[in-house]
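In case you want the letters, here they are:
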Amino acid sequence: MTLSLPRSTKLGVLGAALAYTAAGFGTLTLPTVAEARDTGPFYTAELAQPASETTVIAGGVAWKCQDTTCVASKGTSRPMRMCRELQRDLGEVVAFTTKGEQLEESRLEKCNR
């Protein structure tokens, strides 16, 4: 007993396999839609006194400062730690915002200790 398919069936199976492969490869190589990203700063801090430097590394991120305002991109530490690290380098922090959310007054006091 021979298990053989007719020639037309073989060609159909081959065509389906090629189409499936091409579709899978095409899906993998198509450009994806880029994630919308907010280009603004992740952290914003207002200092009591103007910053002594324009660029400071605190909490593992680079802070860009102008007068009493400092901004930075997202770091790996919690907001409270970021605030404390910045306070150690630049002095009293009067306001600290993470992704648009203000640090509570009681936590800001702890940041400045």
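Fair warning: this is a prediction, and the values are worked out from it, not measured in the lab.

### Focus on the nonpolar core
Phase 1: Within the largest apolar cluster, 22 residues are counted, with the highest numbers of intra-cluster contacts made by Trp63, Cys70, Leu86, Leu90, Val93 and Phe96.
Phase 2: Listing elements by their share of this core, those giving two or more residues are strand E1 (43–47), strand E2 (55–58), strand E3 (61–66), strand E4 (69–72), helix H2 (79–90), strand E5 (93–98) and helix H3 (105–111).
Phase 3: If one sorts the elements of this core by residue count, H2 sits on top with 5 residues.
Phase 4: When neighbours within four sequence positions are excluded, Trp63 is seen to be in contact with Tyr43, Ala45, Thr54, Thr55, Val56, Ala58, Cys70, Val71, Ala72, Met82, Leu86 and Phe96.

### Remarks on the state of the cysteines
Phase 1: Counted by the stated rule, this structure contains 2 disulfides.
Phase 2: Two residues share a disulfide in this structure: Cys83 and Cys111, whose sulfurs sit 2.0 Å from each other. The sign of the -90° torsion about the S-S bond sets the Cys83-Cys111 disulfide as left-handed. Of the two residues, Cys83 sits in helix H2 while Cys111 sits in helix H3, which places them 28 residues apart along the sequence. Here Cys83 and Cys111 have matching classes, each one buried.
Phase 3: Numbered in order of appearance, the disulfide-bonded cysteines of the chain are paired 1-2, 3-4.

Rules used throughout
Counting restarts for each chain: residues are numbered from 1 in the order of the written sequence. Side-chain atom pairs in this predicted model are given and counted only at pLDDT of 80 or more, local residue features only at pLDDT of at least 70, and totals for whole chains, interfaces and linings cover all residues. Based on all heavy atoms of the structure, the side-chain values leave hydrogens and waters out of the count. Throughout this description, the term nonpolar core refers to a set of buried Ala, Val, Leu, Ile, Met, Phe, Trp, Tyr and Cys residues connected via side-chain atoms within 4.5 Å. Each residue gets one of three labels from its accessible area relative to the maximum for its type: buried under 20%, exposed over 50%, partly exposed in between, using a 1.4 Å probe on protein chains only. Secondary structure counts use DSSP, requiring at least four H or I residues in a row for a helix and at least two E residues in a row for a strand, with both numbered from the N terminus. In this description, contact between two residues means that some pair of their heavy atoms is separated by no more than 4.5 Å. Cysteine sulfurs are considered disulfide-paired once they come within 2.5 Å of each other.

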